[in-house]
Amino acid sequence: MALRREPTARQVRLGVELRRLREAAGLTAMDAAALLGVNRVQISQIEAGLAGVSEQRLRRLACHYACTDDEFVDALVAMATDRTRGWWEEYRGQLPTSFLDLAELEHHALFQNEVAILYVPGLLQTREYARSVFSARVPELTQEELDLRVLHRMARQRIAIPYEVIIHEAALRIRVSDRAACKSQLTRLLELSEAEHVTVRVIPFDLDNFAQAASTMAYLGGPLPKLDTVVRDVPHGSAFIDAEAQLSLFRTRFRKLDAVSLRPERSRDFIHRLAKEL
């Protein structure tokens, strides 16, 4: 089987989980290779996401690694045997890989929680707002690159999983475009907050002790908590975080913000008031 030139974040994650299981069992890649009748390089390629693994081989490895969590193994098998070719593949070779990886993760997620400090989250942005955000990039994007990013962002908004977002007042007040566009964005935010699967909460400027929990992030729920993923913006694109200890920290951060943010009804009133000021 040919090696993947550019494994997706989900394929890399499968490999990472298999490596973690092997290391927890105190086994080497050579040990795993002997079990499957392959060489050590092939095990390394599987664990790097560069090569796939069949259900039969995956279950043999899990058994050899003494993994007794059947639900976890089933989830890994689902990842290994998934042949979904999602809409995001239309953009492969045209957009940075992180854009496609995020769309794929959102497609498979069971829920998503997000914290936004400076911008309205992409899943809630209007087309004009998104264009303004991308237009501010340095170095500047070409018109074609800009159009592709906006189209991709609008396509991501098709998902209908439970989505809870906590937005700081700063993100609601910063004018990424002109007054009319910003007012239109707030109006759109109010409309979406009424959707059954969307919960919008606001952190006002006058909140005490906000700094202890401040952290922009998107938290995507996997089939099991240990397969959750946190996505954070970094200078070169997006970082995908999956270490269990770090996931626990981000869950705690979100709970802290959730506890102090305005309730949904008060948040809608707050956003409505800001829109009237524009």
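Coordinates for the structure precede this section.
Presented here is an overview of the structure given in this document.

Analysis parameters
- Residues numbered from 1 in each chain as written.
- Predicted model: local features only at pLDDT ≥ 70, side-chain atom pairs only at ≥ 80, totals over all residues.
- Heavy atoms only, no water.
- Helix = DSSP H or I, 4+ residues; strand = E, 2+ residues; numbered from the N terminus.
- Buried < 20%, exposed > 50% of the residue type's maximum accessible area, 1.4 Å probe, protein only.
- Contact = heavy atoms within 4.5 Å.
- Areas by Shrake-Rupley, 256 points an atom, 1.4 Å probe, with all protein chains shown as cover.
- Lys, Arg positive; Asp, Glu negative; His and termini not counted.
- Charge placed at Lys NZ, Arg CZ, Asp CG, Glu CD.
- Patch = residues over 30% accessible without salt bridge, like charges linked within 9 Å, V, L, I, M, F, W, Y side chains within 5 Å.
- Salt bridge = Lys/Arg side-chain N within 4 Å of Asp/Glu carboxyl O.
- Polar contact = N/O pair within 3.5 Å; in protein donor to acceptor, adjacent residues only side chain to side chain.
- Pairing = 2+ DSSP bridges.
- Axes fitted to C-alpha atoms, helices over the stretch in contact; angles between N-to-C directions.

1. Here's the deal with the overall build of the chain
Reasoning step 1: When its secondary structure is counted, the chain shows 12 helices and 6 strands.
Reasoning step 2: Projected onto its principal axes, the C-alpha positions of the chain cover 70 × 40 × 30 Å.
Reasoning step 3: Per-residue burial for the chain yields a buried fraction of 48% across its 278 residues.
Reasoning step 4: Counted over contacts in the chain with a minimum sequence separation of 6, partners at least 24 positions apart contribute 73%.
Reasoning step 5: Of the roughly 14500 Å² of accessible surface on the chain, a fraction of 51% belongs to carbon and sulfur atoms.
Reasoning step 6: Across the chain, the 38 positively charged side chains and the 38 negatively charged ones have centroids separated by 2 Å.

2. Quick look at a nonpolar patch on the surface
Reasoning step 1: Taken together, the side chains of Leu-118, Tyr-119 and Ile-174 define a hydrophobic patch exposed on the protein surface, amounting to about 270 Å² of accessible area.
Reasoning step 2: One can find Leu-118 in the loop between strand S1 (111–116) and helix H7 (127–135).
Reasoning step 3: For Leu-118, a relative accessible area of 48% corresponds to the partly exposed category.

3. Things to note about the side chain of Glu-169
Reasoning step 1: Within the fold, Glu-169 resides in helix H9 (residues 169–173).
Reasoning step 2: What makes Glu-169 buried here is its relative accessible area of 7%.
Reasoning step 3: Within the local environment of Glu-169, its side chain forms a polar contact with the side chain of Arg-173, the two groups lying 2.6 Å apart.
Reasoning step 4: If near-sequence neighbours (up to four positions away) are discounted, Glu-169 is found in contact with Ile-203, Pro-204, Phe-205 and Phe-270.

4. Comments concerning the sheet that holds S1
Reasoning step 1: Spatial strand order, S3-S2-S1-S4-S5-S6: 6 strands in an open sheet with mixed pairing. Both edges of this open sheet fall to strand S3 (198–203) and strand S6 (237–241), since each of them pairs with a single strand only. Averaged over all pairs of adjacent strands, the angle between strand axes in this sheet comes to 15°, irrespective of strand direction.
Reasoning step 2: Relative to strand S5 (residues 229–234), strand S4 (residues 217–221) is paired through 3 bridges, and the arrangement is antiparallel.

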